[in-house]
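Structure at a glance
This is what each chain is made of:
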Amino acid sequence: MVIQSIVFYVFSCALLICGVMVISARNPVHSVLWLIAAFFQAAGLFVLMGAEFLAMILVIVYVGAVAVLFLFVVMMLDINFVELRRGVVRYLPIGGLIGLVLVSELVAMVSGWVPAAGALAQLGAPVPPVDQISNTRALGQLIYTQYFYLFQTAGMILLVAMIGAIVLTLRSREGVRRQNVPAQLARRREDVVAVRKVPTRGGV
Amino acid sequence: MVELPAFLPALPELFLAVSTMALLMFGVFGSDGTARLVGQIAVVVLLCTGLLVIGHGTERAVTFNGMFVMDGFGAYMKVLVLIGSALSIILAQGYAEREHMNRFELPVLMLFATLGMLLMVSANDLISLYVGLETQSLALYVVAAFRRDHAKSSEAGLKYFVLGALSSGLLLYGASLIYGFGGTTQFDRIAGLIAASPTPPVGVVVGMVFAVAGLAFKISAVPFHMWTPDVYEGAPTPVTAFFAAAPKVAAVALILRLLDGPFGHMVEQWSQVIFALSLASMVLGSFAAIQQTNIKRLMAYSSIANMGFALLGLAAGTEQGTRGVVVYMTIYMVMTIGTFAVILCMKQHGRMVEDIRQLAGLSRSHPLMALGTAIFMFSLAGIPPLAGFFGKLYVFLAVIEAAAKHSELYILAVFGVLSSVVGAFYYLRVVKLIYFDDPIETFDRQSDDSIAAVLVGTGLFTMFFFAFPVPVLNGAAAAAAALFTG
């Protein structure tokens, strides 16, 4: 138990430090690297909770794909972050005030929270016993069996998003030379090479 | 081991989804001139989907682990949505060819939006409500910005997207609070839990209000209407017609299902919210439209006011009121499509014009088009015996009936009548321009048969609704009854 708590606090502290560094690092590339470190700490916390599938997904998807994408974006878009940060001090009071109001609202609502009498008995997705069923299997049953309809509809949403992105951005540009493999293969010597008799001192 | 869910209740949606994807493939791999053919097939697909909906009948069937419900209400609203979408695609055909936006993706995206609307109408779970809504909205954002080379169209798409994302956020926040209360997202179970608790706790009331606010964005009810005039003006005209017709019907259906279903026992709480939305929409829609000279912006404010009238019936909180809303949405949709068919005929020297002053003297150059416009304007103003009058009649009847118990509803009815008088001013101004002002410049001859057919069809419906109201009234009554007994 003691070891677990120690591990928890180590991961949590590291996560918080990484999070602060993400928003305070001067170099945007360093920010993304801190973000990757933060993902690893969060994955550690997931493992501690027994959610090993989520931990692996976090590492593979977020570190492997999303963070690398961020790195590309940060490197390719030349954004002046110093310029972006200039207004921070000026907007801090109003932003802080709004944040404070939201926090107090949340506290007020959570402290007076009354779930329905039979709520726990009919949870939509009850947590299965960890010793009987593995994480991966439990998630698979939820997503592909119970929520199969939603999974399919989410696929439709992604398809619409893809079509939308293509419709709004794809332009057929003039003057672009494309490789046309069948045409290249179908070329014959007779079509493109002509043997001419060149008279002496005449040129072609 | 695992039992397969029943697919039959969702057959229309499955058919629509599969044929839309097939149509997409056909468009991608077909030759350059397939856009028109894709549009025509899209209309046929919508018709077949409608037949499948009708063929399924009106008995209640729940499937996909309680996520999806098909009943009499769903059948009526789905047929309505499909008619609206099919008419919009017909209107879009000629326009797209003239304005150089003739690409096959337009009908395909409109079909995807329609699919989302059908899923919304059939939602029986907070999550399926949300995914249906997103399928619809995402396709709508793209078609709003479809003329990507026009600044206004891009602006419309972007505005719609940002505000739509905000409204989705509100909706999801509300849904999470409701889930926190009940531990379930399914409508039937939520209804049972709320019925079991004597007074609904604050958390679930706040969640309900947030969810209604998110949906009010979609039907552009005041105070969530800011995006409407700009999006209506910027989007290509047939797309605007589509926005004003089918998505409104679907979103109203969703609100009806949510408030009469899971929150049926919280009428006291939500009728106040609907009261405020309805009152503000009617008043602002009527007064703000007076200053508009662009006919698309005028129609935007008109649709805001119309949504106010539709919500009026819901505020009554009775089965009569729900029937009134369904009748109102049917008539509203037909009138709106007809009016946009007129707007699509407003062309000078091959260019579309949108200023209502250009309509001056229309009666002399285009007497038939003038007559059609006059019919729609009189109907929108609610003058008997045109269809618009009956739409208003049934919601007001329901409100007055319910006001016997809740006297504050009298206030709503009085404001409704007053704002419809104000609204009559700007509708009749258009009629005055057409019949009593001197022409400035005449419009081009209308050469598009499909637009003319839509115009004539919707015009005849609007004019002769009083003679054959029974199918619509019975259908609406059956739909409302399905919602209240199911």
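Residues numbered from 1 in each chain as written. Chains lettered and ligands numbered in written order. Predicted model: local features only at pLDDT ≥ 70, side-chain atom pairs only at ≥ 80, totals over all residues. Heavy atoms only, no water.

All right, on to the overall build of chain A then. A tally of regular secondary structure across chain A gives 9 helices and 0 strands. The secondary structure elements of chain A, listed N-terminal to C-terminal, are α-α-α-α-α-α-α-α-α. Against the globule reference of 17 Å for 204 residues, chain A gives a C-alpha radius of gyration of 29 Å, more extended than a compact globule. C-alpha extents for chain A along the principal axes are approximately 100 × 50 × 35 Å. A total of about 16,000 Å² of accessible surface is found on chain A, and carbon and sulfur atoms cover 69% of it. (Helix = DSSP H or I, 4+ residues; strand = E, 2+ residues; numbered from the N terminus. Rg over C-alpha atoms; globule rule 2.2 N^0.38 Å. Areas by Shrake-Rupley, 256 points an atom, 1.4 Å probe, with all protein chains shown as cover.)

Here we take up the overall build of chain B. The secondary structure content of chain B amounts to 19 helices and 4 strands. Taken against the 2.2 N^0.38 rule, which gives 23 Å for 486 residues, the C-alpha radius of gyration of chain B at 21 Å falls within 12% of a compact globule. Principal-axis analysis of the C-alpha atoms gives chain B an extent of 65 × 60 × 40 Å. A total of 486 residues make up chain B; the buried ones form 64% of that total. (Buried < 20%, exposed > 50% of the residue type's maximum accessible area, 1.4 Å probe, protein only.)

A few words now on the nonpolar core. The tendency in soluble globular proteins is for nonpolar side chains to be buried as a group. Counting residues in hydrophobic clusters, the biggest one holds 193 residues, and the most contacted among them are Phe243 and Phe263 of chain B. Here the element with the most residues in this core is helix H10 (residues 237-260) of chain B; it accounts for 17 residues. Leave out the neighbours within four places in its chain, and phenylalanine 243 of chain B touches Leu140, Val143, Ala144, Tyr160, Val231, Tyr232, Ala235 and Lys248 of chain B. Of all hydrophobic cores here, the second largest spans 6 residues; its members include Ile36, Phe39, Val63 and Ala67 of chain A. (Core = buried A, V, L, I, M, F, W, Y, C linked by side-chain atoms within 4.5 Å. Contact = heavy atoms within 4.5 Å.)

Below, the discussion takes up the interface of chain B and chain A. The interface of chain B with chain A comprises 40 residues on the first partner and 31 residues on the second. Interface area for chain B against chain A, summed over the two sides, is near 3,100 Å², with a carbon-plus-sulfur share of 75%. Run the count over chain B and chain A and you get 1 salt bridge. Notably, a salt bridge pairs arginine 171 of chain A with aspartate 149 of chain B, separated by 3.1 Å at the nearest N-O pair. Listed by contribution, the elements that provide at least two residues to the side of chain B that touches chain A are helix H1 (11-29), helix H4 (105-121), helix H5 (126-144), helix H6 (151-182), helix H7 (187-196) and helix H8 (202-218) of chain B. Looking at which element gives the most residues to the side of chain B that touches chain A, the answer is H5 of chain B, with 8 residues. Classifying every residue of the side of chain B that touches chain A gives 26 nonpolar, 8 polar and 6 charged. (Buried area = accessible area lost by both parts, 1.4 Å probe. Salt bridge = Lys/Arg side-chain N within 4 Å of Asp/Glu carboxyl O. Nonpolar A, V, L, I, M, F, W, Y, C, P; charged D, E, K, R; others polar.)

As a further point, take the pattern of salt bridges. All names here are of chain B. In the structure shown here, the tally under the stated rule is 16 salt bridges over all chains. As a salt-bridge pair, aspartate 230 and arginine 297 come within 3.2 Å of each other at their nearest N and O atoms. You can see aspartate 230 sitting in helix H9 (residues 227-234) and its partner arginine 297 sitting in helix H12 (residues 295-316), a full 67 residues away along the chain. You can call arginine 297 buried: its relative accessible area is 19%. With a shortest N-O distance of 2.6 Å, glutamate 233 and arginine 297 are connected by a salt bridge. Of the two residues, glutamate 233 is situated in helix H9 and arginine 297 in helix H12; the sequence distance between them amounts to 64 residues. Judged by its relative accessible area of 15%, glutamate 233 falls in the buried class. One salt-bridge network, in which partners are shared between bridges, spans Lys152, Glu155, Lys159, Asp230, Glu233 and Arg297.

Each assigned domain of chain A is listed with its residue range as follows: domain 1 (1-80) and domain 2 (134-168). Distance between the C-alpha centres of domain 1 of chain A and domain 2 of chain A: 25 Å. (Domains from an automatic or database assignment.)

In this section: the state of the cysteines. Residues and elements named next belong to chain A. On inspection of all chains with the given rule, the structure shows 0 disulfides over all chains. For the unlinked cysteine cysteine 18, the closest cysteine sulfur is that of cysteine 13, found at 11 Å. For cysteine 18, a relative accessible area of 5% gives the class buried. (Disulfide = S-S within 2.5 Å.)

Here we take up empty space enclosed by the protein. Residues and elements named next belong to chain B. Counted under the stated rule, the structure contains 7 cavities of 30 Å³ or more. One number sums up the size of the largest cavity: a volume of about 80 Å³. Lining of the largest cavity is provided by Ala35, Gly39, Ile89, Ala92, Gln93, Ala96, Glu97, Asn102, Arg103, Leu106, Pro107 and Met110. Taken together, the elements giving at least two residues each to the lining of the largest cavity come down to helix H2 (35-56), helix H3 (72-98) and H4. Counting residues per element, the lining of the largest cavity draws most heavily on H3, at 5 residues. Here the lining of the largest cavity is built from residues that sort into 7 nonpolar, 3 polar and 2 charged. Put simply, the second largest cavity is a space of about 70 Å³. (1 Å grid on protein atoms, 1.4 Å probe; cavity = no way out; pocket = protein on both sides within 12 Å on 5 of 7 lines; lining within 4 Å. Points joined across faces, edges and corners; volume = space filled by probe spheres on them.)

Before going further, it helps to spend a moment on the layout of surface pockets. Empty space within the largest pocket amounts to approximately 820 Å³. What lines the largest pocket is a set of 29 residues, among which Val167 and Leu170 of chain A together with Arg103, Phe104 and Glu105 of chain B lie closest to the centre. Those elements giving two or more residues to the lining of the largest pocket turn out to be helix H7 (148-169) of chain A together with H1 of chain B. Here the lining of the largest pocket takes 5 residues from H7 of chain A, the largest share from any one element. Within the lining of the largest pocket, the residues separate by chemical class into 13 nonpolar, 8 polar and 8 charged.

In this section: the environment of phenylalanine 275 of chain B. Within the secondary structure layout, phenylalanine 275 of chain B lies in helix H11 (residues 267-288). Residue contacts for phenylalanine 275 of chain B: discarding those within four places in its chain leaves Ala315, Glu408, Leu409 and Leu412 of chain B.

Let us look at unusual backbone geometry. Residues and elements named next belong to chain B. A cis geometry characterises the amide bond from valine 222 onward to proline 223, with omega recorded as 5 degrees. Here proline 223 is to be found in the loop between H8 and H9. Here the residue pair proline 384 and proline 385 is connected by a cis peptide bond, since its omega of 5 degrees sits within 30 degrees of zero. Within the secondary structure, proline 385 sits in the loop between helix H15 (367-381) and helix H16 (387-403). Phi at phenylalanine 64 takes a positive value of approximately 55 degrees, unusual for a residue other than glycine. You can see phenylalanine 64 is positioned in the loop between strand E1 (61-63) and strand E2 (68-70). Phenylalanine 64 gets classed as buried once you look at its relative accessible area, which sits at 5%. Even without glycine at this site, asparagine 65 takes up a positive phi of about 55 degrees. Following the sequence through the fold, asparagine 65 ends up in the loop between E1 and E2.

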